[in-house]
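Residues per chain are reported as follows:
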Amino acid sequence: MNSPATGARRLPLDYDLTLDCIHCGLCLNSCPTYRESGRESEGPRGRIHLMRALGEGRLEPDTDCVQALDSCLVCRNCETVCPAGVQFGALMESARNQLPAPGLVPRFLRWLGFRVVLPNRRVLALLAGVVRLAQTLHLPRLMAPLLGSRGATLASMPVFPPADQRRSLPSISPSTSESLETVTMLEGCIQRQLFGTVNRATAQTLNALGADVLTPADHACCGALHAHNGDLEEARQLAQETIQAFEAIDGSAPLPIVVNSAGCGAHMSEYPRLFADDPDWLARANAFSERVTDFSKFVAQPDRARRLQAQFKAGPERKLAWDDPCHLCHGQEISAEPRNLLDLIPAAKRVELASSQSCCGSAGIHALLHPEESNALLDAKIEEFQASGAELLVTANPGCQMHWQAGFQRANLKVQTQHLAETIADSLGRESPGGSPTSSPTKS
Ligand code: SF4
Ligand code: SF4
């Protein structure tokens, strides 16, 4: 890294946030990339140091610097342990907004994914259909040897489900018992296309609790991946569209917004920071964010948990392990609720994984851009999972679910991965129990 730089441009990142760091180093051992590399520049304190130097114009954003910042998982584990309250996630998003994406392939993938596919519901649906067809013809497996480590990632991608599982939820999913409340629910972009069963299980659980569930018809994407990767302009646009979509389906009073994807929930509850310079949108973002509630937190509220427990069915005992999505435990400080819910299920025997709050390596698009580093993080967790004797891995984020499933497949392990809502819905007697598929489809 070239430092000090003479005449380097001061990068207009959120410089004041760097000043909160008191350099104590308490975060170092919580950081997966620091533990893996042992390099200061790949830990939180070193990255903050780099960002401060960029903000002061003492450092050029050269290749080494950009790579050190790009290798961050934005898992926010460092925030959880930081005694000074450093807002590392917000700081990293503002820095990435000012840095060039390293390399042509990542730049192209980001443009394609963030600007073309994710913001457009129809393009994403079309792409999902094409990938499904390619998987049916086994093309990813045939192409994998040509693509090196990215080929292995491609080949172990979860199977896109058939079209009937990718369709959206109806705009109203009525309660299946006495109607007690009305809520809205985010379907998400990837979640809808890859894990439609998770959305159905979420709605089914809420319906069983007496909630009528409303979903906005044309909503595309909340913009979480955009923000985490520094595309704050598009993130702002998608946040505005999301706020408008949910405001439009409110009745006379604002309704809770139940979110089953940890990354989306963490981002949506922090929408206000996207609009610090826009008072009108800031007010709307504040009102919106207060309504956002994670699925596990909503369902674990004592009255609802009691109603849920009364409906659970007995079944053969299953040993399962919960893995905390980073943006649930670090981003939203929610870790007890999913465990409490799993412990209510009569057939579930939950085992605790010591590394459950350490990133699995999925980290948005990190697994696509850095497959070797990402897989190394997961492989260590898979070893621990195997030693636990669990037969089911439960989590609550589409990226994590996808990454774990791919890891089990790579390791040739027949282990099922489920979202918490699926595990709950199965215990309520879901008609088509399932989790992430493990093998290539035979028909589309
Ligand atoms: S966000 Fe995660 S990977 Fe990035 S510096 Fe913090 S602990 Fe390390
Ligand atoms: S724990 Fe917080 S204050 Fe201490 S070095 Fe890490 S980021 Fe800075």
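None of these values were measured; they are calculated from a predicted model.

Parameters and conventions
Residues numbered from 1 in each chain as written. Chains lettered and ligands numbered in written order. Predicted model: local features only at pLDDT ≥ 70, side-chain atom pairs only at ≥ 80, totals over all residues. Heavy atoms only, no water. Helix = DSSP H or I, 4+ residues; strand = E, 2+ residues; numbered from the N terminus. Rg over C-alpha atoms; globule rule 2.2 N^0.38 Å. Buried < 20%, exposed > 50% of the residue type's maximum accessible area, 1.4 Å probe, protein only. Contact = heavy atoms within 4.5 Å. Domains from an automatic or database assignment. Buried area = accessible area lost by both parts, 1.4 Å probe. Salt bridge = Lys/Arg side-chain N within 4 Å of Asp/Glu carboxyl O. Polar contact = N/O pair within 3.5 Å; in protein donor to acceptor, adjacent residues only side chain to side chain. Pairing = 2+ DSSP bridges. Axes fitted to C-alpha atoms, helices over the stretch in contact; angles between N-to-C directions. Core = buried A, V, L, I, M, F, W, Y, C linked by side-chain atoms within 4.5 Å. Right-handed = clockwise from strand over helix to strand, strands pointing away. Near = heavy atom within 4 Å. Nonpolar A, V, L, I, M, F, W, Y, C, P; charged D, E, K, R; others polar. Parallel < 35°, antiparallel > 145°, perpendicular 65-115°, else oblique. Phe/Tyr/Trp six-rings, centres within 6.5 Å; stacked < 30°, edge-to-face > 60°. Lys NZ or Arg CZ within 6 Å of the ring centre and 35° of its normal. Patch = residues over 30% accessible without salt bridge, like charges linked within 9 Å, V, L, I, M, F, W, Y side chains within 5 Å. Areas by Shrake-Rupley, 256 points an atom, 1.4 Å probe, with all protein chains shown as cover. Left-handed = near helix turned anticlockwise from the far one by under 90°.

J.: Give me the overall build of the protein chain: which residues, what numbers.
T.: Helix and strand content of the protein chain: 25 helices and nine strands. The C-alpha atoms of the protein chain give 21 Å as radius of gyration, which agrees with the globular expectation for 444 residues (22 Å, within 12%). When its C-alpha atoms are laid out on the principal axes, the protein chain stretches across 70 × 55 × 40 Å. Within the protein chain, the proportion of its 444 residues that are buried is 56%. Counted over contacts in the protein chain with a minimum sequence separation of 6, partners at least 24 positions apart contribute 76%.

J.: Quick one: what's the story with the domain arrangement of the protein chain, residue by residue and with numbers?
T.: Segmenting the protein chain into domains produces domain 1 (15-96), domain 2 (104-155), domain 3 (164-297) and domain 4 (311-427). Using C-alpha coordinates to define each centre, domain 2 is positioned 25 Å away from domain 3. Taken together, the contact between domain 2 and domain 3 spans 13 residues of the former and 20 residues of the latter. Overall, the association of domain 2 and domain 3 removes approximately 1300 Å² of surface from exposure, summing both partners, and the carbon and sulfur fraction of that is 56%. When residues of domain 2 are sorted by the area they lose upon contact with domain 3, Phe114, Leu118 and Arg121 head the list and together hold 51% of the total. We note a salt bridge from Glu234 to Arg115, for which the minimum N-O separation is 3.8 Å. Across the domain 2-domain 3 interface, the total number found is five residue pairs in polar contact (both at pLDDT 80 or more).

J.: Break down the sheet that holds strand 8 (residues 392-395) for me, citing the residues and quoting the values.
T.: Reading across the sheet, the four strands line up as 7-6-8-9 and stay open at both edges, with parallel pairing between neighbours. Every other strand in the sheet has two partners, leaving strand 7 (348-351) and strand 9 (416-419) as the edge strands with one partner each. For this sheet, the mean angle separating the axes of adjacent strands, direction not counted, is 35 degrees. In the sheet, strand 6 (residues 318-322) pairs with strand 8 via three bridges, with the strands oriented parallel. Each bridged residue has a counterpart across the sheet, and for Trp322 the counterpart in strand 8 is Val394. Lying over the sheet, helix 25 (residues 420-427) contacts strand 6, strand 8 and strand 9, oriented at roughly 95 degrees with respect to strand 9.

J.: Describe the nonpolar core, listing the residues and the values that go with them.
T.: Grouped together as the largest cluster of nonpolar side chains are 33 residues, with contacts concentrated most on Leu206, Val299, Leu308, Leu420 and Ile424. Both domains that meet at this core, namely domain 3 (164-297) and domain 4 (311-427), each give it at least three residues. Counting residues in each nonpolar core, the second largest holds 29 residues, with Leu11, Cys65, Phe88 and Ala95 among its members.

J.: Which residues make up the pairing of strand 8, and what are the values?
T.: Burial of the side chains of strand 8 extends over both faces: Leu392 and Val394 are buried on one face and Leu393 and Thr395 on the other. With four bridges joining them, strand 8 and strand 9 adopt parallel strand pairing. Each residue of the ladder has a partner; that of Leu393, found in strand 9, is Thr417. Read as a crossover between parallel neighbours, the route from strand 8 over helix 24 (residues 398-410) to strand 9 is right-handed.

J.: Help me get a handle on the site of ligand 1, residues and values and all.
T.: Around ligand 1 sit 13 residues in total, of which Cys31, Arg47, Cys72, Cys75 and Cys78 are the nearest. Of all the secondary structure elements, the ones that give two or more residues to the shell around ligand 1 are helix 2 (32-37), helix 3 (44-56) and helix 5 (77-81). Looking at the shell around ligand 1, its residues break down into nine nonpolar, two polar and two charged.

J.: Any chance you could break down the packing of helix 23 (residues 371-388) against helix 24 for me, citing the residues and the numbers?
T.: Packed helices, taken two at a time, are described by the angle their axes make and the gap between the axes. With their axes 10 Å apart at the nearest point, helix 23 and helix 24 run at an angle of 75 degrees to one another. As far as their axial angle goes, helix 24 and helix 23 are roughly perpendicular. Only His403, Trp404, Gly407, Phe408 and Arg410 of helix 24 make contact with helix 23, whose side of the interface consists of Ser374, Asn375, Leu378, Asp379, Lys381, Ile382 and Phe385. Looking at the contact of helix 23 with helix 24, its residues break down into five nonpolar, four polar and three charged.

J.: Hey, could you go over the packing of aromatic side chains for me, with residue numbers and the actual values?
T.: If you walk through the whole model with that rule in mind, you get seven aromatic pairs. Cluster of aromatic residues (ring-pair linked, three or more members): Phe246, Tyr271 and Phe288. The residue whose ring lies beneath Arg284 is Trp281, and the NZ or CZ to ring-centre distance is 4.2 Å. Directly above the ring of Phe298 sits Arg304, whose terminal nitrogen or CZ lies 3.5 Å from the centroid.

J.: Provide a residue-level description of a nonpolar patch on the surface, including the pertinent values.
T.: The grouping of Leu133, Leu137, Leu139, Leu142, Met143, Leu146 and Leu147 at the surface amounts to a nonpolar patch, some 700 Å² of accessible area in total. If you tally residues by element for the nonpolar patch, the top one is helix 9 (residues 139-143), at three residues.

J.: Lay out the packing of helix 13 (residues 196-208) against helix 25 with the relevant residues and their values.
T.: Between helix 13 and helix 25, the shortest axis-to-axis distance is 8 Å and the interhelical angle comes to 55 degrees. Put simply, helix 13 runs oblique to helix 25. Seen from above, helix 13 lies across helix 25 with left-handed handedness. From helix 13, Thr197, Val198, Ala201, Thr202, Gln204 and Thr205 reach across to helix 25, where they touch Ala421, Glu422, Ile424 and Ala425.

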